[in-house]
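Observations on chain architecture
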Amino acid sequence: MEQEKPQPTTTTTTTTTTTAATASKPRLALSPLTRFHAGYFRISLSLCAQALLWRTLSSDATSNSAATLSDPLRAVLRHLPSAAFILLWSLALTTLSTLSLLFLLRCLLNPRSLRSEFSHDVGVNYLFAPWISWLLLLQSSPFLGPGTPTHLILLFAFSLPIVALDVKIYGQWFTKGKRFLSVVANPTSQMSVIGNLVAARAAAMSGWRECAVFLFSLGFSHYLVLFVTLYQRLQGSDRLPATLRPVFFLFVAAPSMASLAWDSIAGTFDTSSKMFFFLSLFIFASLICRPALFKRSMKRFHVAWWAYPFPLTALALTSAEYAGVVEGEVAHWLMLVLSVLSVLVTLALMVFSALNTNALLPRHDPFVSLPMTNSSGGSSSA
């Protein structure tokens, strides 16, 4: 009797081991998907903004104004086939659709991941990124003109989540609940502002001027508070690891989009739009004069590198509008330099991403390891 006792134990151990091995298979299969997060929409932001830049430049290139004829970049664009732009727009659409599908699958298979992202000091801000991408893609669409019924329906569908996120995030900033601004503020917090400004520009171009003014006032008022908070280098802005330092270029994107949004609302690139443009240009010059700030983040490829092209493209878009209203060659050459730079940076990152596919979903992502805000307003490890 005593010799037969170990047999059930062995069987139980074997069964437990088999069950654990079987249970681990789905986890291993889903592990790349669970490592996917909203930060990957940096890629779609860059491509969609690039499509909008080419749409803007190519449409202006067909005009016969003196400014157009004196602009070497637009002169080149006049000779490019329209299929090139459609190909770029299709690439942006495919990328954004794929990222959206992956993010939706992750949320369906692991609903807790979405709740964790809402508590994440950086992740919650990138929840604006998919809707910003769709709005940029809608504005650059070669198939849907502004003001058409389908265009207006899509505009409403893509803008509504931004307003809902505003109520969620800005409400917490106001009430000092779980996430008051002085604790959670970091450069990616500007994504909420950019979302409002992009939606304001899209609404203004579609004839919804009152909605555009509402969205602009909402974004700009919070931008003033956020800019001062980040400028003072409070607690939140110092918690970003070195790998995520490329997001500092969002300081360039926010005033650039404010310039474009106000241009669409006012109907002209007036003094206010120029002030926003000059601010973004000054911040861009300040960042590129400090390469040591980004030295550690450039040692190894990371998806955070995709934080560079979108602000550069937004600045190039603003410079294109500025060059259209200012006489002189300096403005046109500035637009040429910024546009070429944004294109080269985007192409370089496409090549780096293709050559480093294994690094696109790292097992130890600093984005995931950042602190999360707990119910008491403090921070806990993600």
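Our subject is the structure that appears above.
Residues numbered from 1 in each chain as written. Predicted model: local features only at pLDDT ≥ 70, side-chain atom pairs only at ≥ 80, totals over all residues. Heavy atoms only, no water.

This part covers the overall build of the protein. When its secondary structure is counted, the protein shows 15 helices and 2 strands. For the protein, with 382 residues in total, the buried portion stands at 48%. Long-range contacts, defined here as pairs at least 24 residues apart, represent 80% of the contacts in the protein between residues at least 6 apart. With an accessible surface of roughly 18,200 Å², the protein has 68% of that area assigned to carbon and sulfur atoms. (Helix = DSSP H or I, 4+ residues; strand = E, 2+ residues; numbered from the N terminus. Buried < 20%, exposed > 50% of the residue type's maximum accessible area, 1.4 Å probe, protein only. Contact = heavy atoms within 4.5 Å. Areas by Shrake-Rupley, 256 points an atom, 1.4 Å probe, with all protein chains shown as cover.)

With that settled, consider the packing of helix α10 (residues 190-205) against helix α11 (residues 209-231). One way to put it is that α10 packs onto α11 with a least axis distance of 8 Å and a crossing angle of 155°. Taken together, the axes of α10 and α11 lie roughly antiparallel to each other. Here the hand of the crossing between α10 and α11 comes out left-handed. The residues of α11 that touch α10, namely those facing Gln190, Val193, Asn196, Leu197, Ala199, Ala200, Ala203 and Ala204, are Cys211, Ala212, Leu215, Phe216, Leu218, Gly219, His222, Tyr223, Leu226 and Leu230. Along the lines of polarity and charge, the residues of the contact of α10 with α11 split into 14 nonpolar, 4 polar and no charged. (Axes fitted to C-alpha atoms, helices over the stretch in contact; angles between N-to-C directions. Parallel < 35°, antiparallel > 145°, perpendicular 65-115°, else oblique. Left-handed = near helix turned anticlockwise from the far one by under 90°. Nonpolar A, V, L, I, M, F, W, Y, C, P; charged D, E, K, R; others polar.)

Looking at where Asn186 falls in the secondary structure, it is placed in the loop between α9 (181-184) and α10. Residue class for Asn186 comes out buried when judged on its relative accessible area of 2%. At 3.0 Å, the side chain of Asn186 forms a polar contact with the backbone oxygen of Asp121. (Polar contact = N/O pair within 3.5 Å; in protein donor to acceptor, adjacent residues only side chain to side chain.)

All told, the structure shown has 1 salt bridge when counted by the stated rule. Glu117 is the partner of Arg106 in a salt bridge, and the nearest nitrogen-oxygen pair spans 2.5 Å. Note that Arg106 is positioned in helix α5 (residues 82-109) and Glu117 in helix α6 (residues 111-118), a separation of 11 residues in sequence. Its relative accessible area of 5% is what places Arg106 among the buried residues. Assessed through its relative accessible area of 5%, Glu117 is described here as buried. (Salt bridge = Lys/Arg side-chain N within 4 Å of Asp/Glu carboxyl O.)

Turning our eyes to something else, we now look at the packing of aromatic side chains. A full pass over the atoms with the stated rule returns 22 aromatic pairs. Between Trp89 and Phe143, the aromatic rings sit 5.5 Å apart at their centres with planes inclined by 75°, giving edge-to-face as the arrangement. In this pair, Trp89 is assigned in helix α5 and Phe143 in the loop between α7 (129-139) and α8 (149-175), connecting sequence segments 54 residues apart. For the pair Phe249 and Phe284, a centre-to-centre distance of 6.4 Å together with 70° between the ring planes defines the contact as edge-to-face. Taken together, the residues Phe249 in the loop between α11 and α12 (250-266) and Phe284 in helix α13 (residues 271-288) connect sequence positions 35 residues apart. Comparing Phe249 with Phe284, the two get one shared label, buried. One aromatic cluster in this structure is built from Tyr223, Phe227, Tyr231, Phe248 and Phe251. A cation over an aromatic ring shows up here: Arg42 above the ring of Tyr126, its NZ or CZ 4.7 Å from the ring centre. (Phe/Tyr/Trp six-rings, centres within 6.5 Å; stacked < 30°, edge-to-face > 60°. Lys NZ or Arg CZ within 6 Å of the ring centre and 35° of its normal.)

Our focus in this paragraph is the packing of α12 against helix α14 (residues 309-323). To describe two helices that pack against each other, one gives the angle between their axes and the distance between the axes. Direction vectors running N to C along α12 and α14 enclose 35°, while the axes themselves pass 8 Å from each other. Crossing geometry of α12 relative to α14 is assigned as left-handed. Residues Leu250, Val252, Ala253, Ser256, Met257, Ser259, Leu260 and Asp263 of α12 form the contact with α14, whose own contacting residues are Phe310, Pro311, Ala314, Leu315, Leu317, Thr318 and Glu321. Grouping the amino acids of the contact of α12 with α14 by side-chain chemistry returns 10 nonpolar, 3 polar and 2 charged.

Compared with an ideal rise of 1.5 Å per residue, which puts 17 residues at 24 Å, α12 spans 24 Å between its outermost C-alpha atoms and is within 8% of the ideal. Within α12, 15 of the 17 residues are buried, which leaves the element mostly enclosed by the surrounding structure. Positive backbone phi, at 85°, marks Gly267, one or two positions downstream of α12. (Expected span 1.5 Å × (residues − 1).)

Together, Leu101, Leu102, Leu104, Leu105, Leu108 and Leu109 make up an exposed nonpolar region whose accessible area comes to about 560 Å². Among the secondary structure elements, Leu109 is positioned in helix α5. (Patch = residues over 30% accessible without salt bridge, like charges linked within 9 Å, V, L, I, M, F, W, Y side chains within 5 Å.)

As a further point, take α13. Residue pairs spaced three or four apart in an α-helix point in one direction, given the helix's 3.6 residues per turn. Over its 18 residues, α13 runs 26 Å from end to end, which matches the ideal 26 Å to within 8%, given 1.5 Å per residue. Looking only at α13, the buried set comprises Ser273, Phe276, Phe277, Ser280, Ile283, Phe284 and Leu287. For α13, the angular spread of the buried residues around the axis is 125°, confining them to a single face. Residues Thr271, Met275 and Phe282 are exposed on α13 and point more than 90 degrees away from its buried face. In this structure, the buried side of α13 is in contact with α11, α12, α14 and α15 (329-355). The N-cap residue of α13 is Asp270: its side-chain oxygen and the backbone nitrogen of Ser272 are 3.3 Å apart. (Arc of directions from axis to C-beta.)

In terms of nonpolar packing, the biggest core is built from 104 residues, with Leu136 and Ile194 touching the most fellow members. Setting aside residues up to four positions removed in sequence, Ile194 forms contacts with Ile132, Leu250, Ala253, Ala254, Met257 and Phe310. (Core = buried A, V, L, I, M, F, W, Y, C linked by side-chain atoms within 4.5 Å.)

Let us look at the environment of Val124. Assignment of secondary structure puts Val124 in the loop between α6 and α7. Its relative accessible area of 2% is what places Val124 among the buried residues. Put simply, Val124 and Leu165 are 41 residues apart on the chain and 9.1 Å apart in space, counted from C-alpha to C-alpha.

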